[in-house]
Amino acid sequence: MSLKNHSKKNLFPFWGGLLAALMVSGCAGKPWTTPLAGERFEQTSQLIDTLLLESQRCGPSLDGDLALFYADPLEKRALSGYLQFSLPGSYKFVVANPFGQTILAVAGDQKTYKTVIVPEKKYIEGGMQSFGLRHKLPDEIISGSWGEWLTARNQRPSSTITAIHEDKNARGQWVTFRHNKNEPAGMSHLLLDPVEKTPLSRILENSEGKIVAEVTYADWITLGECRQPREINISGLDYGVDIRLKLSNVRLTDEVKQYSLPVFSSYIQQYLP
């Protein structure tokens, strides 16, 4: 679990930068063509409900080693640590030095976050909405379905489907869902391989029809009755940014968890809105 090409002093800006890089996507065209109707529409709708039932049987919490890779036209960065995540959006990520000593820890959910930067003896706590405003993150990222994006599970019933299209490159079918009332206005598009019954990609679109983020999945493993991608790629972002997440030593558990961090009295404490 290590940090490469980045000083300890800049750990927190780097972590925030990874989130900020998700704010908008490029202007590439939509990757689908002909809409489906009739029997083929119904078959794909049934597959969506089948995937929903399968996801409900999977443990809501995921633990594993996580390597983050960030690249833009000017630089490349890498950060590795241990991730704990519990649906819908509770997380803890710890970075350690080669001796196993923690140098950075981040924990929270979609409402608040806490950060401990050990070399600087600093504790930071704040709200995700104000974090989003400071880093110019759209609400689609702050309030979106983090669990769906990380696990590639389908958590939406066929009743929320608004359209199904063929993929331009014949990879499968794009299923378009309307967002529920607890999500920001917009649409989600899921690319399915109907033969393998596997999600390949996910596109998040805001209320103006602009693509906010695209996530693709690879290197699948089977954990009990569940499948989990070990490689999650975020591409097509503005400024030529690419982000890659690689999981290893993954395990799923049935317990829903909340994560937090201790506050040390000897640390500088910073509380943000």
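Procedures and definitions
Residues numbered from 1 in each chain as written. Predicted model: local features only at pLDDT ≥ 70, side-chain atom pairs only at ≥ 80, totals over all residues. Heavy atoms only, no water. Phe/Tyr/Trp six-rings, centres within 6.5 Å; stacked < 30°, edge-to-face > 60°. Lys NZ or Arg CZ within 6 Å of the ring centre and 35° of its normal. Buried < 20%, exposed > 50% of the residue type's maximum accessible area, 1.4 Å probe, protein only. 1 Å grid on protein atoms, 1.4 Å probe; cavity = no way out; pocket = protein on both sides within 12 Å on 5 of 7 lines; lining within 4 Å. Points joined across faces, edges and corners; volume = space filled by probe spheres on them. Helix = DSSP H or I, 4+ residues; strand = E, 2+ residues; numbered from the N terminus. Nonpolar A, V, L, I, M, F, W, Y, C, P; charged D, E, K, R; others polar.

Trainee: Any chance you could explain the packing of aromatic side chains here in plain terms?
Mentor: Between two aromatic rings, the relevant description is the distance of the centres plus the angle of the planes. All told, the structure shown has six aromatic pairs when counted by the stated rule. Sitting above the plane of the Phe69 ring, Arg244 keeps its charged end 4.5 Å from the centroid.

Trainee: Quick question: what am I supposed to make of unusual backbone geometry here?
Mentor: Residues apart from glycine generally show negative phi values, whereas peptide bonds are mostly found in trans. Pro88 follows Leu87 through a cis peptide bond whose omega is 5 degrees. At Lys121, a position not held by glycine, the phi torsion is positive, near 50 degrees. Given the relative accessible area of 49%, Lys121 is considered partly exposed. Unlike most non-glycine residues, Asn249 shows phi in positive territory, near 50 degrees. Note on Asn249: relative accessible area 60%, which makes it exposed.

Trainee: Even after reading the chapter, I still don't get the layout of surface pockets, so can you show me in this structure?
Mentor: Which parts of space are left empty comes out when a probe the size of a water molecule is rolled across the atoms. Reported here for the largest pocket is a volume of approximately 390 Å³. If you go around the largest pocket, you meet 19 residues; those closest to its centre are Gly144, Ser145, Asn180, Asn182 and Glu183. If one sorts the elements of the lining of the largest pocket by residue count, helix H5 (residues 146–151) sits on top with three residues. By residue class, the composition of the lining of the largest pocket is four nonpolar, 10 polar and five charged. Taken as a whole, the second largest pocket holds about 290 Å³ of empty space. As for the second largest pocket, its lining consists of 17 residues, of which Leu51, Glu54, Ser55, Lys197 and Arg227 are closest to the centre. Of all the secondary-structure elements, those providing two or more residues to the lining of the second largest pocket are helix H2 (38–56), strand E12 (198–206) and strand E14 (226–235). The leading source of residues in the lining of the second largest pocket is H2, at three residues.

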